[in-house]
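Survey of secondary and tertiary structure
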Amino acid sequence: QLQACGGGLVQPGGSLRLSCAVSKRSLSIDVMGWYRQAPGKQRELVAISHSGGTTNYADSVKGRFTISRDNAENTVYLQMNSLKPEDTAVYYCYVEYWYGGLYYKNWGQGTQVTVSS
């Protein structure tokens, strides 16, 4: 199970920190990341972190958002700074992991981020 939290209403230029914890501990997590979906738009990648240390960001958030992960706690974070109204969306955490010899891809429930004055 993925439990995401940290969304809310913030003014333009403000900051929010999202977190998402994977409740099952006996996993070998490969990828952890965040996607978002704005009204009327397709879900898009925001940031992703690979177990080897590589991170990737959407061009629209580079320099403003930072993804990090705590592997001991199976938790991924998204620090969002200098927020813009166009960052308004439902944010979803995402993980890929090995368990029982099988590879899984799971989405968490979304958390709403609204950037508005």
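In the block above lies the structure referred to throughout.
Residues numbered from 1 in each chain as written. Predicted model: local features only at pLDDT ≥ 70, side-chain atom pairs only at ≥ 80, totals over all residues. Heavy atoms only, no water.

Bringing the overall build of the protein into the picture now. Regarding its fold elements, the protein presents zero helices and 11 strands. Taken from the N to the C terminus, the helices and strands of the protein come in the order β-β-β-β-β-β-β-β-β-β-β. Oriented by its inertia axes, the alpha-carbon framework of the protein measures out at about 50 × 25 × 25 Å. Within the protein, buried positions represent 41% of all 117 residues. The long-range share in the protein, meaning contacts at least 24 apart out of those at least 6 apart in sequence, stands at 54%. On the protein, roughly 6,200 Å² of surface is accessible, and the fraction owed to carbon and sulfur atoms is 47%. A gap of 2 Å separates the mean positions of the 11 positive and 8 negative side-chain charges of the protein. (Helix = DSSP H or I, 4+ residues; strand = E, 2+ residues; numbered from the N terminus. Buried < 20%, exposed > 50% of the residue type's maximum accessible area, 1.4 Å probe, protein only. Contact = heavy atoms within 4.5 Å. Areas by Shrake-Rupley, 256 points an atom, 1.4 Å probe, with all protein chains shown as cover. Lys, Arg positive; Asp, Glu negative; His and termini not counted. Charge placed at Lys NZ, Arg CZ, Asp CG, Glu CD.)

One pass over the structure, following the stated rule, counts one disulfide. Two residues, cysteine 20 and cysteine 93, share a disulfide whose sulfurs are 2.1 Å apart. An S-S torsion of about 40° defines the bridge between cysteine 20 and cysteine 93 as right-handed. Note that cysteine 20 is positioned in strand E3 (residues 16-22) and cysteine 93 in strand E9 (residues 89-99), a separation of 73 residues in sequence. With no disulfide partner, cysteine 5 has as its closest neighbouring cysteine sulfur the one in cysteine 20, 8.3 Å distant. (Disulfide = S-S within 2.5 Å.)

Below, the discussion takes up a nonpolar patch on the surface. Residues Tyr99, Leu102 and Tyr104 make up a contiguous nonpolar surface patch of roughly 270 Å² in combined accessible area. Mapped onto the secondary structure, tyrosine 99 falls in strand E9. (Patch = residues over 30% accessible without salt bridge, like charges linked within 9 Å, V, L, I, M, F, W, Y side chains within 5 Å. Salt bridge = Lys/Arg side-chain N within 4 Å of Asp/Glu carboxyl O.)

This part is about the layout of surface pockets. Gaps left between atoms show up when a probe the size of a water molecule is rolled over them. Its boundaries defined by the atoms lining it, the largest pocket holds a volume of some 150 Å³. Considering the residues around the largest pocket, the lining is formed by Arg36, Gln37, Ala38, Lys41, Gln42, Glu44, Ser60, Glu86, Thr88 and Ala89. Looking at the lining of the largest pocket, its residues break down into two nonpolar, four polar and four charged. (1 Å grid on protein atoms, 1.4 Å probe; cavity = no way out; pocket = protein on both sides within 12 Å on 5 of 7 lines; lining within 4 Å. Points joined across faces, edges and corners; volume = space filled by probe spheres on them. Nonpolar A, V, L, I, M, F, W, Y, C, P; charged D, E, K, R; others polar.)

Here we come to the sheet that holds strand E7 (residues 65-70). Spatial ordering of the open sheet is given by E1-E3-E8-E7, a layout of four strands whose pairing is antiparallel. Unpaired on one side and paired on the other, strand E1 (2-5) and E7 mark the two borders of the sheet. Neighbouring strand axes in the sheet, compared pairwise and without regard to direction, differ in orientation by 15° on average. Note: E7 against strand E8 (residues 75-80), six bridges, orientation antiparallel. Bridged to aspartate 70 within E8 is threonine 75. (Pairing = 2+ DSSP bridges. Axes fitted to C-alpha atoms, helices over the stretch in contact; angles between N-to-C directions.)

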